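Tertiary structure, described
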Amino acid sequence: MTYSGAVKVGGRADVHELTDLMISKVAVGPGNNNAYLLRCRATGEQLLIDAADEAGTLLRLIGDDGIASVVTTHRHPDHWQALGEVVAATGARTFAGRYDAEGIPVPTDVLVDDNDTIRVGRVELTARHLVGHTPGSIALVYDDPHGAPHLFTGDCLFPGGPGRTTNPEDFTSLMDDVEAKIFGPLPDETWVYPGHGHDTTLGAERPHLASWRSRGW
(Lines give C-alpha, C1' and ligand atoms only; values in the text may rest on other atoms or scores of the structure.)
Protein backbone atom coordinates (compact mmCIF):
# COMPACT_ATOMS: atom_id res chain seq x y z
CA MET A 1 0.00 0.00 0.00
CA THR A 2 1.14 3.56 -0.67
CA TYR A 3 2.42 5.41 2.38
CA SER A 4 0.47 8.56 3.25
CA GLY A 5 1.57 9.34 6.80
CA ALA A 6 -2.06 9.82 7.84
CA VAL A 7 -2.50 8.01 11.16
CA LYS A 8 -4.90 8.37 14.07
CA VAL A 9 -4.83 7.37 17.71
CA GLY A 10 -6.15 3.82 18.03
CA GLY A 11 -5.59 3.15 14.34
CA ARG A 12 -3.01 1.16 12.46
CA ALA A 13 0.55 2.19 11.85
CA ASP A 14 1.41 3.43 8.37
CA VAL A 15 4.62 1.96 6.94
CA HIS A 16 6.99 3.75 4.58
CA GLU A 17 9.10 1.07 2.89
CA LEU A 18 12.45 2.34 1.64
CA THR A 19 15.24 0.30 0.08
CA ASP A 20 17.34 0.06 3.26
CA LEU A 21 14.91 1.22 5.95
CA MET A 22 11.33 0.64 7.02
CA ILE A 23 9.60 3.52 8.83
CA SER A 24 6.44 2.74 10.80
CA LYS A 25 4.43 5.74 12.01
CA VAL A 26 1.83 5.50 14.76
CA ALA A 27 -0.23 8.11 16.63
CA VAL A 28 -0.54 7.82 20.40
CA GLY A 29 -1.89 9.66 23.41
CA PRO A 30 -4.20 12.63 24.02
CA GLY A 31 -1.83 14.97 22.20
CA ASN A 32 -2.00 12.93 18.99
CA ASN A 33 1.75 12.42 19.12
CA ASN A 34 3.61 10.61 16.40
CA ALA A 35 6.10 7.86 17.21
CA TYR A 36 8.32 6.35 14.54
CA LEU A 37 9.84 2.87 14.51
CA LEU A 38 12.82 2.55 12.18
CA ARG A 39 13.99 -0.89 11.09
CA CYS A 40 17.20 -1.59 9.19
CA ARG A 41 16.24 -4.00 6.44
CA ALA A 42 19.72 -5.57 6.28
CA THR A 43 20.11 -6.39 9.98
CA GLY A 44 16.63 -6.16 11.49
CA GLU A 45 17.85 -3.75 14.17
CA GLN A 46 15.21 -1.25 15.29
CA LEU A 47 15.18 2.27 16.73
CA LEU A 48 12.22 4.19 18.13
CA ILE A 49 11.84 7.96 17.81
CA ASP A 50 9.79 9.38 20.71
CA ALA A 51 8.23 6.92 23.14
CA ALA A 52 5.48 9.49 23.48
CA ASP A 53 2.62 7.60 25.13
CA GLU A 54 0.71 4.29 25.19
CA ALA A 55 3.59 1.96 25.98
CA GLY A 56 1.46 -1.06 25.08
CA THR A 57 0.82 0.28 21.58
CA LEU A 58 4.50 0.99 21.08
CA LEU A 59 5.63 -2.40 22.40
CA ARG A 60 3.20 -4.18 20.08
CA LEU A 61 4.59 -2.15 17.19
CA ILE A 62 8.15 -3.05 18.22
CA GLY A 63 7.31 -6.74 18.45
CA ASP A 64 9.48 -9.63 19.58
CA ASP A 65 12.63 -8.32 17.89
CA GLY A 66 12.93 -5.49 20.39
CA ILE A 67 14.71 -2.21 19.85
CA ALA A 68 18.33 -1.20 20.29
CA SER A 69 17.69 2.50 20.89
CA VAL A 70 15.10 5.16 21.72
CA VAL A 71 15.71 8.75 20.61
CA THR A 72 13.72 11.47 22.38
CA THR A 73 13.51 14.56 20.17
CA HIS A 74 13.00 17.00 23.05
CA ARG A 75 12.14 17.41 26.71
CA HIS A 76 8.40 18.18 26.57
CA PRO A 77 6.47 15.55 28.57
CA ASP A 78 4.12 14.51 25.76
CA HIS A 79 7.14 13.04 23.95
CA TRP A 80 8.39 10.74 26.75
CA GLN A 81 5.35 9.50 28.70
CA ALA A 82 6.04 5.88 27.69
CA LEU A 83 9.83 6.08 27.70
CA GLY A 84 10.42 4.49 31.09
CA GLU A 85 8.15 1.53 30.39
CA VAL A 86 9.52 0.96 26.90
CA VAL A 87 13.11 1.06 28.11
CA ALA A 88 12.32 -1.27 31.01
CA ALA A 89 10.73 -3.78 28.64
CA THR A 90 13.39 -3.65 25.91
CA GLY A 91 16.65 -2.61 27.54
CA ALA A 92 17.12 -0.03 24.81
CA ARG A 93 19.78 2.67 25.00
CA THR A 94 18.40 6.18 25.32
CA PHE A 95 19.46 9.18 23.24
CA ALA A 96 18.50 12.85 23.66
CA GLY A 97 19.88 16.28 22.89
CA ARG A 98 22.57 17.35 25.34
CA TYR A 99 20.67 20.44 26.46
CA ASP A 100 17.32 18.70 26.94
CA ALA A 101 18.43 15.52 28.72
CA GLU A 102 18.13 17.10 32.17
CA GLY A 103 14.42 17.68 31.52
CA ILE A 104 13.71 14.03 30.71
CA PRO A 105 13.10 11.88 33.82
CA VAL A 106 14.47 8.68 32.29
CA PRO A 107 18.30 8.75 32.29
CA THR A 108 19.89 9.49 28.91
CA ASP A 109 22.65 7.08 27.95
CA VAL A 110 23.96 9.07 24.99
CA LEU A 111 23.95 12.88 24.87
CA VAL A 112 23.50 14.06 21.29
CA ASP A 113 25.18 17.12 19.76
CA ASP A 114 24.78 18.80 16.41
CA ASN A 115 25.96 16.62 13.52
CA ASP A 116 26.32 13.48 15.66
CA THR A 117 25.60 10.14 13.99
CA ILE A 118 23.07 7.68 15.41
CA ARG A 119 23.02 4.23 13.83
CA VAL A 120 20.25 1.70 13.42
CA GLY A 121 21.86 -1.40 11.94
CA ARG A 122 23.68 -0.28 8.78
CA VAL A 123 21.64 2.92 8.47
CA GLU A 124 23.03 6.23 9.69
CA LEU A 125 20.98 9.16 11.01
CA THR A 126 22.52 12.62 11.45
CA ALA A 127 21.36 14.83 14.32
CA ARG A 128 20.58 18.50 13.85
CA HIS A 129 20.43 20.62 17.01
CA LEU A 130 17.62 23.17 16.65
CA VAL A 131 17.27 25.79 19.40
CA GLY A 132 14.01 27.57 20.17
CA HIS A 133 11.17 25.15 20.77
CA THR A 134 13.37 23.84 23.59
CA PRO A 135 17.09 24.41 24.27
CA GLY A 136 18.10 20.94 23.15
CA SER A 137 15.65 19.81 20.47
CA ILE A 138 17.11 17.53 17.83
CA ALA A 139 15.95 16.55 14.37
CA LEU A 140 17.24 13.44 12.62
CA VAL A 141 18.19 13.22 8.93
CA TYR A 142 18.36 9.98 6.98
CA ASP A 143 20.18 10.78 3.73
CA ASP A 144 18.83 7.88 1.70
CA PRO A 145 21.45 6.81 -0.87
CA HIS A 146 18.64 5.50 -3.07
CA GLY A 147 16.41 8.58 -3.07
CA ALA A 148 15.44 11.78 -1.28
CA PRO A 149 16.38 12.45 2.35
CA HIS A 150 13.99 11.74 5.21
CA LEU A 151 13.74 14.14 8.14
CA PHE A 152 12.28 13.58 11.62
CA THR A 153 11.64 17.02 13.11
CA GLY A 154 10.03 16.47 16.52
CA ASP A 155 8.14 19.68 17.26
CA CYS A 156 10.52 22.02 15.39
CA LEU A 157 8.83 21.93 11.99
CA PHE A 158 5.28 21.10 10.92
CA PRO A 159 3.16 21.58 7.82
CA GLY A 160 2.49 25.30 7.96
CA GLY A 161 5.27 26.50 10.18
CA PRO A 162 7.86 26.01 12.91
CA GLY A 163 7.09 24.65 16.34
CA ARG A 164 5.70 26.73 19.18
CA THR A 165 7.98 29.22 20.89
CA THR A 166 7.30 31.42 23.91
CA ASN A 167 9.10 34.66 23.02
CA PRO A 168 10.49 36.50 19.96
CA GLU A 169 14.08 35.51 20.74
CA ASP A 170 13.26 31.80 20.75
CA PHE A 171 11.23 32.17 17.55
CA THR A 172 14.13 33.88 15.78
CA SER A 173 16.54 31.22 17.03
CA LEU A 174 14.33 28.39 15.80
CA MET A 175 13.77 29.99 12.41
CA ASP A 176 17.50 30.67 12.03
CA ASP A 177 18.37 27.05 12.80
CA VAL A 178 15.60 25.58 10.66
CA GLU A 179 16.66 27.67 7.70
CA ALA A 180 20.41 27.11 8.14
CA LYS A 181 20.42 23.44 9.12
CA ILE A 182 17.31 22.09 7.40
CA PHE A 183 16.13 24.17 4.45
CA GLY A 184 19.65 25.25 3.50
CA PRO A 185 21.36 21.90 2.97
CA LEU A 186 18.39 19.66 2.17
CA PRO A 187 16.46 19.49 -1.12
CA ASP A 188 12.77 20.13 -1.73
CA GLU A 189 12.12 16.40 -2.07
CA THR A 190 13.03 15.81 1.59
CA TRP A 191 10.17 14.01 3.35
CA VAL A 192 9.31 15.53 6.73
CA TYR A 193 7.96 13.43 9.64
CA PRO A 194 6.79 15.77 12.44
CA GLY A 195 6.01 15.10 16.08
CA HIS A 196 2.27 15.58 15.58
CA GLY A 197 -0.06 15.38 12.61
CA HIS A 198 0.52 14.87 8.91
CA ASP A 199 3.80 14.64 7.04
CA THR A 200 5.01 17.20 4.53
CA THR A 201 8.01 17.95 2.32
CA LEU A 202 10.52 20.76 2.45
CA GLY A 203 9.42 21.80 -1.02
CA ALA A 204 5.85 22.30 0.18
CA GLU A 205 7.00 24.50 3.06
CA ARG A 206 9.95 26.42 1.56
CA PRO A 207 7.85 29.11 -0.22
CA HIS A 208 6.38 30.17 3.12
CA LEU A 209 9.57 30.85 5.09
CA ALA A 210 9.37 34.61 4.64
CA SER A 211 5.72 34.71 5.69
CA TRP A 212 6.51 32.70 8.83
CA ARG A 213 9.22 35.23 9.69
CA SER A 214 6.80 38.09 9.11
CA ARG A 215 3.98 36.73 11.26
CA GLY A 216 6.36 35.80 14.08
CA TRP A 217 5.14 32.26 14.77
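In short, a report on the structure.

What counts as what
Residues numbered from 1 in each chain as written. Predicted model: local features only at pLDDT ≥ 70, side-chain atom pairs only at ≥ 80, totals over all residues. Heavy atoms only, no water. Helix = DSSP H or I, 4+ residues; strand = E, 2+ residues; numbered from the N terminus. Contact = heavy atoms within 4.5 Å. Polar contact = N/O pair within 3.5 Å; in protein donor to acceptor, adjacent residues only side chain to side chain. Pairing = 2+ DSSP bridges. Core = buried A, V, L, I, M, F, W, Y, C linked by side-chain atoms within 4.5 Å. Buried < 20%, exposed > 50% of the residue type's maximum accessible area, 1.4 Å probe, protein only.

Once that is clear, we can look at the environment of D116. With respect to the helices and strands, D116 occurs in the loop between β7 (110–112) and β8 (117–120). The spacing of D116 and R128 is 12 residues in sequence and 7.8 Å in space, taken between C-alpha atoms. Excluding residues within four positions of it along the chain, D116 makes contact with L111, L125, T126 and A127. In this structure the side chain of D116 is engaged in a polar contact, spanning 2.8 Å, whose partner is the backbone nitrogen of D113.

Pairing within the open sheet is mixed, and its six strands lie in the order β8-β9-β10-β11-β14-β15. Edge positions in the sheet fall to β8 and β15 (200–201), since each has one partner strand and no second.

The next point concerns the nonpolar core. Formed by 22 residues in total, the largest nonpolar core has its most connected members in L21, I23, L38, L47, L140 and F152. Of all the elements in the fold, those that place two or more residues in this core are β2 (21–28), β3 (33–40), β4 (46–49), β8, β9 (123–129) and β10 (138–142). In terms of nonpolar packing, the next biggest core, distinct from the first, is built from 21 residues, L37, A51, V70 and V87 among them.

What follows concerns unusual backbone geometry. Phi at E54 takes a positive value of approximately 55°, unusual for a residue other than glycine. Position of E54 relative to the elements: it lies in the loop between β4 and α1 (55–62). Accessibility expressed as a relative area gives 26% for E54, which makes it partly exposed. Phi is positive for N115, close to 75°, though the residue is something other than glycine. As for its position among the elements, N115 is in the loop between β7 and β8.

So, to be careful, I would describe these as geometric facts and stop short of saying anything about function.
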